[in-house]
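Remarks on the overall topology
Now for the letters of each chain:
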Amino acid sequence: MATRELTTRAASLDELRAKGRLVVSLDGHTICLLTDGDAVYAVDNRCPHMGFPLHRGTVSDGILTCHWHHARFDLCTGGTFDQFADELRRFPVEVEGDDVYVDLTPRRDPVEHQRGRLQVGLERNISLVVAKAAIVLVEADPSGVDAFRAGLDFGVWRRADGWNRGLTTLTCLMNLMPRVAAEDRAAALYHGLTDVATDSAGFEPRFPLQPLPGAGDPERLARWFRRFVEVRDAEGAERALVSAVRAGATREQLADMLFAAATDHRYLDNGHTLDFVNKALEALDVAGWERADAVLASLPALLAFSARMEESNAWRNPVDLIALLEDAFERLPEPGRGGWGGRAELVETILSGEAAEILEALLAALRAGASAVELASAVTFAAAMRIARFPTTNEFGDWDTALHTFTFANAVEQGLRRSPSRELLRGVLDAAISVHLDRFLNVPATRLPAAADGHGVLTELPHLLDKQQRVDEAATLVASYGGDPDELVAALGSCLLREDRNFHTIQCVEAAVRQHELLRGTDDERLPLIAAARYLAAHAPTDRSQRQTYEIARRLHRGENLYEDAA
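Below is a summary of the structure that appears in this document. Computed from a prediction, not measured in an experiment: that's the story for all the values here.

Reading the values: rules and limits
- Residues numbered from 1 in each chain as written.
- Predicted model: local features only at pLDDT ≥ 70, side-chain atom pairs only at ≥ 80, totals over all residues.
- Heavy atoms only, no water.
- Helix = DSSP H or I, 4+ residues; strand = E, 2+ residues; numbered from the N terminus.
- Buried < 20%, exposed > 50% of the residue type's maximum accessible area, 1.4 Å probe, protein only.
- Contact = heavy atoms within 4.5 Å.
- Areas by Shrake-Rupley, 256 points an atom, 1.4 Å probe, with all protein chains shown as cover.
- Lys, Arg positive; Asp, Glu negative; His and termini not counted.
- Charge placed at Lys NZ, Arg CZ, Asp CG, Glu CD.
- Core = buried A, V, L, I, M, F, W, Y, C linked by side-chain atoms within 4.5 Å.
- Pairing = 2+ DSSP bridges.
- Axes fitted to C-alpha atoms, helices over the stretch in contact; angles between N-to-C directions.
- Salt bridge = Lys/Arg side-chain N within 4 Å of Asp/Glu carboxyl O.
- Phe/Tyr/Trp six-rings, centres within 6.5 Å; stacked < 30°, edge-to-face > 60°.
- Lys NZ or Arg CZ within 6 Å of the ring centre and 35° of its normal.
- Parallel < 35°, antiparallel > 145°, perpendicular 65-115°, else oblique.
- Nonpolar A, V, L, I, M, F, W, Y, C, P; charged D, E, K, R; others polar.
- Expected span 1.5 Å × (residues − 1).
- Left-handed = near helix turned anticlockwise from the far one by under 90°.

**What about the overall build of the chain?**
- Along the chain, the regular secondary structure elements total 24 helices and ten strands.
- Across its three principal directions, the C-alpha atoms of the chain cover 95 × 65 × 40 Å.
- Counting only residues that meet the buried cut, the chain has 56% of its 567 residues in that class.
- Pairs at least 24 apart in sequence give 72% of the contacts found in the chain among residues at least 6 apart.
- Carbon and sulfur atoms make up 49% of the accessible area of the chain, which totals about 23400 Å².
- Of the side-chain charges in the chain, 61 are positive and 85 negative, and the distance between the mean point of each set is 1 Å.

**Some thoughts on the nonpolar core**
- One finds Trp 163, Phe 225, Leu 296 and Leu 362 to be the most contacted residues of the largest nonpolar core, which totals 163 residues.
- The element best represented in this core is helix α16 (residues 372-388), accounting for twelve residues.
- In contact with Phe 225, other than residues within four places in its own chain, are Ala 237, Ala 240, Leu 241, Met 257, Leu 258, Ala 261, Pro 300 and Leu 303.

**Quick word on the pairing of strand β2 (residues 21-26)**
- Burial along β2 is one-sided: Leu 22, Val 24 and Leu 26 are buried, while Arg 21, Val 23 and Ser 25, pointing the other way, are not.
- One ladder, built from six bridges, connects β2 with strand β3 (residues 29-36); its direction is antiparallel. Bridge pairing links Ser 25 to Thr 30 in β3.
- Linkage of β2 to β3, two consecutive antiparallel strands, is achieved through a turn of two residues, within which Asp 27 is found at a positive phi near 50°.

**Let's talk about the sheet that holds strand β1 (residues 7-12)**
- Pairing within the open sheet is antiparallel, and its three strands lie in the order β1-β10-β9. If you trace the sheet from one side to the other, it starts and ends with β1 and β9 (93-96), each paired once. Taking each pair of neighbouring strands and ignoring which way they run, the sheet shows an average axis angle of 30°.
- Pairing of β1 with strand β10 (residues 99-103), which is carried by five bridges, proceeds in the antiparallel orientation.

**So, the side chain of Arg 308**
- By the secondary structure assignment, Arg 308 is in the loop between α12 (300-305) and α13 (321-330).
- It is Glu 230 that comes nearest to the buried, bridge-free Arg 308 among opposite-charge side chains, at 4.4 Å.
- Setting aside its immediate chain neighbours within four residues, Arg 308 contacts Val 229, Glu 230, Arg 232, His 265, Arg 266 and Leu 268.

**Quick look at the sheet that holds strand β4 (residues 39-44)**
- The sheet built from four strands is open, its strands ordered β2-β3-β4-β8 with antiparallel pairing. The open sheet has two edge strands with one neighbour each: β2 and β8 (90-91).
- For β4 and β8, the ladder comprises two bridges, and the chain directions are antiparallel. Within the sheet, the bridge partner assigned to Val 43 lies in β8 and is Arg 90.

**Some remarks on the environment of Pro 300**
- Tracing the backbone shows Pro 300 in helix α12.
- Accessibility expressed as a relative area gives 1% for Pro 300, which makes it buried.
- If we skip the residues at most four places from it in the chain, Pro 300 touches Phe 225, Ala 234, Ala 237, Glu 238 and Leu 241.

**Let's talk about the packing of aromatic side chains**
- The full count for this structure, using the stated rule, is eight aromatic pairs.
- For the pair Tyr 267 and Phe 408, a centre-to-centre distance of 4.9 Å together with 85° between the ring planes defines the contact as edge-to-face. Of this pair, Tyr 267 sits in the loop between α9 (251-263) and α10 (272-287) while Phe 408 sits in helix α17 (residues 398-418); the two residues are 141 residues apart in sequence, bridging distant segments of the chain. Summarising the burial analysis for this pair, Tyr 267 and Phe 408 share the class buried.
- Linked through ring pairs, Tyr 267, Trp 315 and Phe 408 together constitute an aromatic cluster.
- Here Arg 158 stacks its cationic end above the ring of Trp 157, 6.0 Å away from the centre of that ring.
- Just above the ring of Tyr 190 sits the side chain of Arg 501; from NZ or CZ to the centre is 5.9 Å.

**Observations regarding the packing of helix α5 (residues 165-176) against helix α6 (residues 185-200)**
- At their nearest, the axes of α5 and α6 sit 7 Å apart, and the two run at 170° to each other. Looking at the two axes, α5 sits roughly antiparallel to α6. Where α5 abuts α6, its residues Arg 165, Gly 166, Leu 167, Thr 169, Leu 170, Leu 173 and Met 174 lie against Ala 188, Leu 189, His 191, Gly 192, Leu 193, Asp 195, Val 196, Thr 198 and Asp 199.
- Classifying every residue of the contact of α5 with α6 by side-chain character gives eight nonpolar, five polar and three charged.

**Some points on unusual backbone geometry**
- Here the amide bond leading from Asn 317 into Pro 318 is cis, since omega sits at 0°, within 30 degrees of zero.
- Locating Pro 318 in the fold gives a position in the loop between α12 and α13.
- Even without being glycine, Asp 61 reaches a positive phi, approximately 55°.
- Take Asp 61: it is sitting in the loop between β5 (58-60) and β6 (63-66).
- Assessed through its relative accessible area of 74%, Asp 61 is described here as exposed.

**A short note on the environment of Glu 123**
- Along the chain, Glu 123 turns up in helix α2 (residues 110-124).
- Distance in space between the C-alpha atoms of Glu 123 and Val 196 is 9.9 Å, their sequence separation being 73 residues.

**Some points on α6**
- With 16 residues, α6 should cover 22 Å at 1.5 Å per step; its first-to-last C-alpha distance of 23 Å lies within 8% of that length.
- Within α6, 14 of the 16 residues are buried, which leaves it mostly tucked inside the rest of the structure.
- A positive backbone phi angle near 90° is found at Gly 202, which sits one or two residues after α6.

**Some remarks on the packing of helix α3 (residues 127-140) against α6**
- Between α3 and α6, the least distance of the axes is 9 Å, while the angle of their chain directions is 140°. The pairing of α3 with α6 is recorded here as oblique in orientation. Our pair here, α3 against α6, has a crossing hand that is right-handed. Of the residues in α6, those in contact with Ser 127, Val 130, Ala 131, Ala 134, Ile 135 and Val 138 of α3 are Arg 185, Ala 186, Leu 189, Tyr 190, Leu 193 and Thr 194.
- Class assignment of the residues belonging to the contact of α3 with α6 gives a composition of nine nonpolar, two polar and one charged.

Have a look at this one:
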């Protein structure tokens, strides 16, 4: 006997058997009633994959097939045989005489369900599954930290080669999440999580090493770690590092270990390596340092096997820049306490001077009282200037050359703000020399845009980026904006999230936003955003297929119809 408080009359059994299936609307649910032999079933009429009306599907031997993408569902349980589709929602049915009753009581926790589905999407690299999960999880936790942790844990375990593009993208977008509009935050997380899945697909999982038995000395382990990285022994380096974590090394000690190894050689892997180290530390700041052993263990292989620029012709000929740097390192004075006033002059020297002149200017600034962070900030600003004044007559791929220097310089600066050390200070000099090597990318240097009428920039920028190579126009819009800087940052973030994922563009916008915030209240605050707008405009528009996937997930979440069909 049906319990009337829990069930709702849905249809006549005779009518259902005559027609084979019926579509009924009950309390906001569109339900498909089906018969298979003597059994009666009630299911959500929207396919859980993309909303196709299931009354158009086929039932055979207890399996309902949706013909849009051929997803198959067990009618008895709602379980799917195709992981891209998700489980089909079933409603318990009771028959009393000629009356069919349906129980509409919710049967599962949607947040917990989507946590499980996120894991499926990551493991099988299914973007739509990840998008659906991101939307529900951010709605439940607007900080996004829960889903970020899931992506971080998956990425450091699933990719045997260690930290790479996907986890960096995820961390960049997690950093941008609080700065974009609320309606864009799930999209930011979706892009990051999906890049982790894509970057991990096809790789063997990591098999983590256990720490050395017994208590260890963090200082000795740090020495061993650098020695193992030096000889490209990634396995030995990983065991020393996880042992230091278990031995109670502080966050600063762990950062110093990693940054020292990342600056024992010059500009590893075109700057990516140190940037990845910095992003791993930032990821732990968000996810929690209790994950340090697993997350940091993804870095030793990266450090050990990265290309070292002392092996590169560009850093050796026609001027031996490595020899100049090593001499400068020997003469590095202790940084000052700050309050140094020579920033503008140093930036100009970095942009236009010869290598030896630049290094002497950096040493002189330290002797004049510049702090390590002040010195790093000046170099990062010079690197941003290369992008802000990059002429579009250059070969398109050269945008990335300037981008690598900027993100490396930003990572060095962020590292010094976290844990200043003499070893990491070497990275400031490396960054300055990389800015020097990029000098011909500003020949002739594009003029910085003059402020024009800034009215409507927040609405005009998206339309501008619908067209190719509107680089200078985008820069002028950003330079002209006179409103709330946070709104401008959110607008750039929204434009970024419309496009298909481009690792370097995401890096550029995230680093530029960080620099803009550090320079707030100064005459320099707008330049990093001008650089970001130019880089974004150079790489837009894309096909926007990834955003299309996200929009499908969002429409399904809102209950909208993707396929119109009269039942």
